[in-house]
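Working through the structure, step by step
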Amino acid sequence: FVLPFVKKLGEDYVRAIESEKEKIQNLKGDIENVESSKEQLADDIAAMKEKIKAIHEECTNTKQELESQISSKRRQIQLLESKISSLDNPEDADSTIQKYNRRYEELL
């Protein structure tokens, strides 16, 4: 009567051990998958950081170029405004014409 009971306990114990071993193997597989995902995520993050850096540099360069163009256009506008104001004032226009006539005569 005791021997079959002990045999059954032994079989139950072996099944429990096998079940726990299977769980452990599954957990190891899950851990490997997580580690692989973690490495891939780290690589993806590094790639994104590089893209952000490149885009930031491109943005900075574009901003500087645009600021330079704006500055150039402002200078052109100031020159045009100066020319317009001199044309609006006939006395200045006359003096400018006289100045260029004198310069012309000097060159002759």
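Higher on the page you've got the structure.
Residues numbered from 1 in each chain as written. Predicted model: local features only at pLDDT ≥ 70, side-chain atom pairs only at ≥ 80, totals over all residues. Heavy atoms only, no water.

1. Things to note about the overall build of the protein chain
The condition is simple: Per the convention used, a helix needs a DSSP run of H or I reaching at least four residues, while a strand needs a run of E reaching at least two, with both numbered from the N terminus. All radius of gyration figures rest on C-alpha atoms, and the globule criterion is 2.2 Å times the number of residues raised to 0.38. Note on exposure labels: buried denotes an accessible area under 20% of the residue type's maximum, exposed denotes more than 50%, and partly exposed covers the range between, all computed with a 1.4 Å probe on protein chains only. Residue burial considers only the protein chains on display, and all accessible areas are found by Shrake-Rupley using a 1.4 Å probe.
Each helix and strand in the protein chain was counted, giving two helices and zero strands. Relative to the 2.2 N^0.38 estimate, which gives 13 Å for 108 residues, the radius of gyration of the protein chain is 43 Å and therefore markedly larger than a compact globule would have. With respect to the principal axes defined by its C-alpha atoms, the protein chain has extents near 140 × 30 × 5 Å. Taking all 108 residues of the protein chain together, 0% fall into the buried category. For the protein chain, the accessible surface area stands at approximately 10,400 Å², while carbon and sulfur atoms represent 58% of it.

2. Section: a negative patch on the surface
Just so we agree on the cut-off: Patch membership needs two things, relative accessible area over 30% and no salt bridge, and members are linked within 9 Å if like-charged or within 5 Å if nonpolar (Val, Leu, Ile, Met, Phe, Trp, Tyr). When a carboxyl oxygen of Asp or Glu is within 4 Å of a side-chain nitrogen of Lys or Arg, the pair counts as a salt bridge. For the purpose of counting charges, residues Lys and Arg are taken to be positive, whereas Asp and Glu are taken to be negative. His and the chain ends are not included. Throughout, a charge is located at the NZ atom of Lys, the CZ atom of Arg, the CG atom of Asp or the CD atom of Glu.
Judged by side-chain charge, Glu32, Glu35, Glu39, Asp43 and Asp44 come together as a negatively charged surface patch. Relative to the elements of secondary structure, glutamate 39 occurs in helix 1 (residues 2-88).

3. Quick word on a nonpolar patch on the surface
A grouping of Val2, Phe5, Val6 and Leu9 is seen on the molecular surface, where their side chains present a nonpolar patch of about 390 Å² in accessible area. By secondary structure assignment, the location of phenylalanine 5 is in helix 1. Classification of phenylalanine 5 as exposed rests on a relative accessible area of 52%.

4. Topic: the pattern of salt bridges
As enumerated under the stated definition, the model contains four salt bridges in all. Two residues, lysine 8 and aspartate 12, come together in a salt bridge whose shortest N-O distance is 3.3 Å. Here the residue lysine 8 and the residue aspartate 12 both occupy positions in helix 1, the gap between them amounting to four residues, near one helical turn. Judged by relative accessible area, which is 45%, lysine 8 ranks as partly exposed. Classification of aspartate 12 by relative accessible area gives partly exposed; the value is 28%. Within this structure, Lys8, Asp12 and Arg15 form a network of salt bridges that share partners.

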